[in-house]
Amino acid sequence: MQNNKNDENNFEILNQFRPERTEILKALHSLQNANPQHYISSDAMKAVAKYFNITLGQVYGIVTYYSMFSTKPRGKYIIRLCKSPVCYMKGSFNLKNYLEEHLQLTASTENISADGLFTIETTECLGHCEQAPAMMVNNTIYSNLTREKIDEILHALKTNNYEL
Ligand code: FES
């Protein structure tokens, strides 16, 4: 029953796109954005294969090629720390370790904090090198990061739980 509902939702989203290959990436973005856990489920991949008349293997290949897509559930807030040279030299790696410890993210938690709010990833340059180190939380960029600033950001997200 739940699968039927998921299929309906997936096809409702897919119907907004022309069934042409040039639309596949946009459709995948929409499917991922519509999923509260920010990932592309196997049901969604099957629906994409059917809708665009390509194989499931081709869909999987696209989803796993682009780092912005995930095949696994993620937290409500996806924290992407910049790992490019300037941020790296200014300590982004240490901040990533700090965040992982602070949020108790391990392989066993599948990179989702216990409250379901946070997932940590890395990203290439965010274009804010002059204010390195930088990170992006969903669609918002934060720069000149320190541990204290990260604590403030996490606190704001946890307490206000606002949409970014
Ligand atoms: S190197 Fe991190 S924002 Fe450019």
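Note that the structure is a prediction, hence the values are computed from the model and not measured.

### Considering helix H2 (residues 24-34)
Consideration 1: Within H2, the full set of buried residues consists of Ile24, Ala27, Leu28, Leu31 and Gln32. Angularly, the buried residues of H2 cover 135° about the axis, an arc narrow enough to put them on a single face.

### With respect to the packing of aromatic side chains
By convention here, two paired aromatic rings are described through the distance between centres and the angle between planes.
Consideration 1: Tallying each qualifying case throughout the model produces five aromatic pairs.
Consideration 2: Judged by centre distance (5.1 Å) and plane angle (80°), the rings of Tyr51 and Phe52 are edge-to-face. Taken as a pair, Tyr51 and Phe52 share a single burial class, namely buried.
Consideration 3: Measuring from centroid to centroid gives 6.2 Å for Tyr66 and Phe69, while their planes differ by 85°, and the two rings are edge-to-face.
Consideration 4: Residue Tyr66 is classed as partly exposed on the basis of its relative accessible area of 29%.
Consideration 5: Exposure remark for Phe69: the relative accessible area of 6% places this residue in the buried category.
Consideration 6: Within the aromatic cluster, the residues linked to one another by ring pairs are Tyr65, Tyr66 and Phe69.

### Notes on the layout of surface pockets
Any space left empty among the atoms is revealed by the rolling of a water-sized probe across them.
Consideration 1: Volume-wise, the second largest pocket comes out at about 240 Å³.
Consideration 2: Contributing to the lining of the second largest pocket are 14 residues, with Asn6, Asn9, Asn10, Ala34 and Asn35 lying nearest its centre.
Consideration 3: Elements with a contribution of two residues or more to the lining of the second largest pocket: helix H1 (2-14), H2 and helix H3 (42-52).
Consideration 4: The biggest single contributor to the lining of the second largest pocket is H1, with four residues.
Consideration 5: Here the residues of the lining of the second largest pocket are counted per class, giving seven nonpolar, six polar and one charged.

### Details of the domain arrangement of the protein
Consideration 1: Domain parsing of the protein yields domain 1 (2-65) and domain 2 (77-160).
Consideration 2: Put simply, the middle of domain 1 and the middle of domain 2, counted by C-alpha atoms, are 28 Å apart.

### Looking at the pattern of salt bridges
Consideration 1: All chains considered together, the criterion is met by seven salt bridges.
Consideration 2: Residues Glu20 and Arg18 are paired through a salt bridge, measuring 3.1 Å at the closest nitrogen-oxygen approach.
Consideration 3: A salt bridge links Lys96 to Glu100; the nearest nitrogen and oxygen atoms lie 2.9 Å apart. Residue Lys96 and its partner Glu100 are both found in helix H6 (residues 92-102); the two are separated by four residues, about one turn of the helix.
Consideration 4: One salt-bridge network, in which partners are shared between bridges, spans Arg18, Glu20, Glu23 and Lys26.

### Re the packing of H6 against helix H7 (residues 147-160)
Consideration 1: At a minimum axis distance of 11 Å, the contact between H6 and H7 shows a crossing angle of 40°. The angle between H6 and H7 falls in the class oblique. Taken as a pair, H6 and H7 cross one another with a handedness that is right-handed. The residues of H7 that touch H6, namely those facing Leu95, Tyr98, Leu99 and His102, are Arg147, Ile150, Asp151 and Leu154.
Consideration 2: Along the lines of polarity and charge, the residues of the contact of H6 with H7 split into five nonpolar, one polar and two charged.

Thresholds, definitions, all that
Residues numbered from 1 in each chain as written. Predicted model: local features only at pLDDT ≥ 70, side-chain atom pairs only at ≥ 80, totals over all residues. Heavy atoms only, no water. Buried < 20%, exposed > 50% of the residue type's maximum accessible area, 1.4 Å probe, protein only. Helix = DSSP H or I, 4+ residues; strand = E, 2+ residues; numbered from the N terminus. Arc of directions from axis to C-beta. Phe/Tyr/Trp six-rings, centres within 6.5 Å; stacked < 30°, edge-to-face > 60°. 1 Å grid on protein atoms, 1.4 Å probe; cavity = no way out; pocket = protein on both sides within 12 Å on 5 of 7 lines; lining within 4 Å. Points joined across faces, edges and corners; volume = space filled by probe spheres on them. Nonpolar A, V, L, I, M, F, W, Y, C, P; charged D, E, K, R; others polar. Domains from an automatic or database assignment. Salt bridge = Lys/Arg side-chain N within 4 Å of Asp/Glu carboxyl O. Axes fitted to C-alpha atoms, helices over the stretch in contact; angles between N-to-C directions. Parallel < 35°, antiparallel > 145°, perpendicular 65-115°, else oblique. Left-handed = near helix turned anticlockwise from the far one by under 90°. Contact = heavy atoms within 4.5 Å.

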